[in-house]
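# Observations on the model geometry
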Amino acid sequence: MVFADMRGLALTYGMIIAVALAISFFIAHLLLNWLKKTDNSSAGQSKSNAITILMFGVAGAVGFFVMLVAMQPILNVTLIAGARTWMGIIAQCFAGFVSGICFAKLS
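So, here's what we can say about the structure.

Quick notes on the rules
Residues numbered from 1 in each chain as written. Predicted model: local features only at pLDDT ≥ 70, side-chain atom pairs only at ≥ 80, totals over all residues. Heavy atoms only, no water. Phe/Tyr/Trp six-rings, centres within 6.5 Å; stacked < 30°, edge-to-face > 60°. Helix = DSSP H or I, 4+ residues; strand = E, 2+ residues; numbered from the N terminus. Buried < 20%, exposed > 50% of the residue type's maximum accessible area, 1.4 Å probe, protein only. Expected span 1.5 Å × (residues − 1). Arc of directions from axis to C-beta. Core = buried A, V, L, I, M, F, W, Y, C linked by side-chain atoms within 4.5 Å.

This part covers the packing of aromatic side chains. Aromatic ring pairs: the centre-centre distance and the angle between the two ring planes describe each pair. Counting across every chain of the model gives three aromatic pairs. Measuring from ring centre to ring centre gives 5.7 Å for phenylalanine 25 and phenylalanine 56, while their planes differ by 75 degrees; the resulting arrangement is edge-to-face. On the criterion of sequence distance, the pair formed by phenylalanine 25 in helix H2 (residues 13-38) and phenylalanine 56 in helix H3 (residues 45-75) is long-range, its members being 31 residues apart. Pair check on accessibility: phenylalanine 25 and phenylalanine 56 agree, each one buried. Ring centres of phenylalanine 25 and phenylalanine 103 lie 4.6 Å apart, and the angle between their planes is 20 degrees; this geometry places the pair in the stacked category. With phenylalanine 25 in helix H2 and phenylalanine 103 in helix H4 (residues 86-106), the pair connects residues that are 78 residues apart, well separated along the chain. A relative accessible area of 35% places phenylalanine 103 in the partly exposed class. An aromatic cluster of at least three residues, connected via ring pairs, comprises Phe25, Phe56 and Phe103.

Right, here's the structure in full:
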């Protein structure tokens, strides 16, 4: 049943997630480049890595939140049953946060 749900949602919800994360990660990348240009301090590499990981994590969470909030007025229905309550929205945003951390670690 889980695999059937994943297959069924991959083309719809999966594509919406992909677009939302692509936009939010692109904006995070632009912000990080801007921060690097304006930062004149000689901060260590570990501080830069921590900021990068945090920035992409927050971008993933914000991307998920914007996506979930935008789906309601556009489609006039909350398609994701798990995102019908605040706890569900927080859980989805946490998934976006984790995806941002994974993206930052892998890229």
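Once you've had a look at it, read on.
Time to look at H4. Under the 1.5 Å per step criterion, the end-to-end length of H4 is 30 Å for 21 residues, consistent within 8% with the ideal 30 Å. Looking at H4, one finds that the buried residues are Gly88, Ile89, Gln92, Cys93, Gly96, Gly100 and Ala104. Taken down its axis, H4 places every buried residue within 160 degrees of arc, on the same side. Exposed residues on H4 whose side chains face more than 90 degrees from its buried face are Met87, Phe94, Lys105 and Leu106.

Attention now goes to H2. Taking 1.5 Å per residue, 26 residues should reach 38 Å; H2 reaches 37 Å between its end C-alpha atoms and fits that length. Of the positions making up H2, those classed as buried are Tyr13, Ile17, Ala20, Leu21, Ser24, Phe25, Ala28 and Leu32.

Now for the nonpolar core. Grouped together as the largest cluster of nonpolar side chains are 18 residues, with contacts concentrated most on Tyr13, Ile17, Phe56, Phe64, Met67 and Leu68. If you list the elements that add at least two residues to this core, you get H2, H3 and H4.

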